[in-house]
Amino acid sequence: MKKVTIIGGGIIGLCSAYYLVKEGHEVSIVDQSSIGFGASYINAGYLTPSHIIPLAAPGIVKQGIKWMFNSSSPLYVKPRLNASFLDWAWAFNKSCSSENVKQSIKAIKDINLLSVDLFSELKATENFGFQLENKGLLMLCQTEAMLKEEIHMATIASNEGLEVNEVSLDELKKIEPGTTINSIGAIHYKCDWHTTPHEFMSEMSSWLENKGVSFYKNEKVIDIKASEGKIKSVCTQNNEFSADEFVLAAGSWSNLLSKKLGINVRLEAGKGYRINKEEDTGISIPAILAEAKIAITPMNGFTRFAGTMEIAGINHKINPIRVEAIAKAVERYYPEVVISEAEKKQAACGLRPVSPDGKPFIGKSSKCTNLTIATGHAMMGWSMGPATGKLVSEIISDKKTSLHLDPFHPDRKF
Ligand SMILES: Cc1cc2nc3c(=O)[nH]c(=O)nc-3n(C[C@H](O)[C@H](O)[C@H](O)COP(=O)(O)OP(=O)(O)OC[C@H]3O[C@@H](n4cnc5c(N)ncnc54)[C@H](O)[C@@H]3O)c2cc1C
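Residues numbered from 1 in each chain as written. Predicted model: local features only at pLDDT ≥ 70, side-chain atom pairs only at ≥ 80, totals over all residues. Heavy atoms only, no water.

Draft legend 1. How the structure looks around a nonpolar patch on the surface. Together, Val61, Ile65 and Phe69 make up an exposed nonpolar region whose accessible area comes to about 320 Å². In this structure, Phe69 sits in the loop between α2 (60-67) and β4 (75-77). Residue class for Phe69 comes out exposed when judged on its relative accessible area of 72%. (Patch = residues over 30% accessible without salt bridge, like charges linked within 9 Å, V, L, I, M, F, W, Y side chains within 5 Å. Areas by Shrake-Rupley, 256 points an atom, 1.4 Å probe, with all protein chains shown as cover. Salt bridge = Lys/Arg side-chain N within 4 Å of Asp/Glu carboxyl O. Helix = DSSP H or I, 4+ residues; strand = E, 2+ residues; numbered from the N terminus. Buried < 20%, exposed > 50% of the residue type's maximum accessible area, 1.4 Å probe, protein only.)

Here it is in structure tokens:
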């Protein structure tokens, strides 16, 4: 049995704690917030084995530069003369290659598929009630060019053994009868699932508390005491936490802490927004508006609209232009769904921890023997949460890992 301190109580921290407890370790979680604040509460709740193509793919830099001049575009990168950002941007640009896409597909698919199984397994084992549905994910297209691109992506996914098919307009009306959809066609990834994030987070937190996990809330880790490549303790304003092993699961903030150990975890925060609508929308199948890059999820008791990726440093400022862009895009695809001013005012944002090559960082750096890094999951951290937690626990328990970890190595070169 080891004493383990986890920095960060998002889905990655909680799932790591879950599997560590299952292995018999003594676990504490330290979080700078009252928990309920990270990206894990803002996301679209998708479990997406379908999303096997990383963000860092050929063409994205050119597209990103075009979008930089449009204040309502789905991707915005704020250029900054900041060494950490420039280093990340260099690594991202280098990763935008067919080679990276080819190398990443299997790793991204395998960790997502493992995670889907684990979500189901832990729901059944712990008798959790959180929403977990397998209605798939629709990619709704309004233009021939986008439909062609989506058919190409679907062929790649299908060749990887994922269940996906093209849906005609007639079929779309049959599978989604509760609302009108303005689209010329769609792809249906039947392999995908969806959830209501706060339900999972709250049940998992209670479970962990009942099993004796200590939660230290509103405790920001500000310093790390280490010598000879080993952490002795992590310090907050009020406390010092010593342990045998530490887990760095601080989402977009992780590299601020890893730098204290001389470890360069290349990360940028990718801000995304969500709007909730409690009134019935008639939407029953999750969908991505392919041109607008907006995700729609029928959650338990409300519909969530989520989108945009703003790479502009760590901040939680809400840009009303982007919120408006999400609302307008929804109305273009679902003309019967109108998002009210009050709903727009309630919009919230979260920071995705974005690695340069689209793969998370999971494992130990050669620079520190008792720190397991688990971050950088970007747009798929929700989907990959349980699998990451299991891998973290296997690493700390000196067990054979369920997946090959090289693609996720924190020291990998770019
Ligand atoms: C709009 C939007 C939609 C998304 N949709 C999806 C989706 O459908 N599917 C999917 O798979 N993913 C999705 N994501 C991404 C996903 O939400 C993230 O990848 C995931 O939540 C990251 O989890 P995390 O635990 O690493 O980080 P977080 O949830 O951000 O948690 C990190 C925690 O660390 C704490 N922390 C940070 N610094 C310190 C410190 N110094 N001391 C103590 N505590 C600290 C923070 O307070 C926070 O609680 C979406 C994200 C957004 C924003």
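Draft legend 2. Expanded view of the sheet that holds strand β13 (residues 240-242). Pairing in this open sheet of 3 strands is antiparallel, and the strands run β11-β12-β13 from one edge to the other. Whereas interior strands pair on both sides, the edge strands pair on one side only; in this sheet they are β11 (223-227) and β13. If you compare each strand with its neighbour and ignore which way they point, the axes differ by 25° on average. Sheet analysis places strand β12 (residues 230-235) next to β13, joined by 3 bridges and oriented antiparallel. Across the sheet, the residue bridging to Ser233 is Ser242, located in β13. (Pairing = 2+ DSSP bridges. Axes fitted to C-alpha atoms, helices over the stretch in contact; angles between N-to-C directions.)

Draft legend 3. Layout of the packing of aromatic side chains. Applying the stated criterion to the full structure yields 12 aromatic pairs. Aromatic side chains Phe85 and Trp88 sit 6.4 Å apart centroid to centroid with 25° between the ring planes, which places their arrangement in the stacked category. With Phe85 and Trp88 both in helix α3 (residues 83-95) and 3 residues apart, the pair spans about one turn of that helix. The exposure class of Trp88 is buried, given its relative accessible area of 3%. For the ring pair Tyr216 and Phe241, a centre distance of 4.7 Å and an interplane angle of 65° mean the geometry is edge-to-face. Taken together, the positions of Tyr216 in strand β10 (residues 214-216) and Phe241 in strand β13 put the pair 25 residues apart, joining distant regions of the chain. (Phe/Tyr/Trp six-rings, centres within 6.5 Å; stacked < 30°, edge-to-face > 60°.)

Draft legend 4. Spatial organisation of the nonpolar core. Within the largest apolar cluster, 49 residues are counted, with the highest numbers of intra-cluster contacts made by Ile6, Phe200 and Leu208. Among the elements of the structure, β1 (3-7), α1 (11-22), β2 (26-30), α4 (98-126), α7 (197-210) and α11 (385-396) are those that each provide at least two residues to this core. Considering every element that reaches this core, the biggest residue donor is α1, with 9 residues. Among the nonpolar cores identified, the runner-up in size contains 27 residues, and Ile275, Ile326, Tyr333 and Val337 belong to it. (Core = buried A, V, L, I, M, F, W, Y, C linked by side-chain atoms within 4.5 Å.)

Draft legend 5. Seen up close, the layout of surface pockets. For the second largest pocket, the calculated volume is near 290 Å³. Counting only elements with at least two residues in the lining of the second largest pocket, the list comes to α2, β4 and α3. The class makeup of the residues in the lining of the second largest pocket is 13 nonpolar, 2 polar and no charged. (1 Å grid on protein atoms, 1.4 Å probe; cavity = no way out; pocket = protein on both sides within 12 Å on 5 of 7 lines; lining within 4 Å. Points joined across faces, edges and corners; volume = space filled by probe spheres on them. Nonpolar A, V, L, I, M, F, W, Y, C, P; charged D, E, K, R; others polar.)

Draft legend 6. Structural view of unusual backbone geometry. Positive phi is not limited to glycine here, since Ile35 has a value of about 65°. You can see Ile35 is positioned in the loop between β2 and β3 (46-47). Overall, the relative accessible area of 15% leaves Ile35 in the buried class. A positive phi angle, near 70°, is found at Thr308, a position not held by glycine.

Draft legend 7. A look at the site of the ligand. Within the structure, the ligand sits among 37 residues, and Asp31, Ser40, Val221, Ala378 and Ser383 are positioned closest to it. Within the contact set of the ligand, an oxygen atom lies 3.3 Å away from a backbone nitrogen or oxygen of Gly45. Sorting the residues of the shell around the ligand by element identifies α1, β15 (268-277) and β19 (348-354) as the ones contributing at least two each. Across the shell around the ligand, the residue classes break down as 19 nonpolar, 14 polar and 4 charged. (Near = heavy atom within 4 Å. Polar contact = N/O pair within 3.5 Å; in protein donor to acceptor, adjacent residues only side chain to side chain.)

Draft legend 8. α3, seen in detail. Spanning 13 residues, α3 covers 18 Å between terminal C-alpha atoms, matching the ideal 18 Å at 1.5 Å per step. Taken together, the buried positions of α3 are Phe85, Trp88, Ala91, Phe92 and Ser95. The arc that holds the buried residues of α3, viewed along the axis, is 130°, so those residues lie on one side. Turning to α3, the residues buried within the fold contact α2, β4, α4, β15, β18 (302-311) and β19. The residue sitting at the N-terminus of α3 and contributing the capping side-chain oxygen is Asn82; that oxygen lies 3.0 Å from the backbone nitrogen of Ser84. (Expected span 1.5 Å × (residues − 1). Arc of directions from axis to C-beta. Contact = heavy atoms within 4.5 Å.)

Draft legend 9. How the structure looks around the packing of α4 against α11. Contact geometry of α4 with α11 gives a least axis separation of 7 Å together with a crossing angle of 95°. Looking at the two axes, α4 sits roughly perpendicular to α11. Mapping the contact onto sequence places Ile111, Leu114, Ser115, Leu118, Phe119 and Leu122 in α4 and Gly385, Pro386, Ala387, Thr388, Lys390 and Leu391 in α11. Considering only residue class, the contact of α4 with α11 consists of 8 nonpolar, 3 polar and 1 charged. (Parallel < 35°, antiparallel > 145°, perpendicular 65-115°, else oblique.)

Draft legend 10. Structural detail: the sheet that holds strand β9 (residues 193-195). Strand order in this open sheet of 3 strands is β3-β9-β5, and the pairing throughout is antiparallel. Edge strands, defined here as strands with exactly one partner in the open sheet, are β3 and β5 (132-133). Here β3 pairs with β9 via 2 bridges, running antiparallel. Across the sheet, Tyr46 pairs through a bridge with His194, a residue of β9.

Draft legend 11. Inspection of helix α9 (residues 320-333) at higher detail. Between the first and last C-alpha of α9 there are 20 Å, a value that for 14 residues agrees with the 20 Å anticipated at 1.5 Å per step. The set of residues buried in α9 consists of Arg322, Val323, Ala325, Ile326, Ala327, Ala329, Val330 and Tyr333. Structurally, the start of α9 carries an N-cap: the backbone nitrogen of Ile321 is 2.9 Å from a side-chain oxygen of Asn319.

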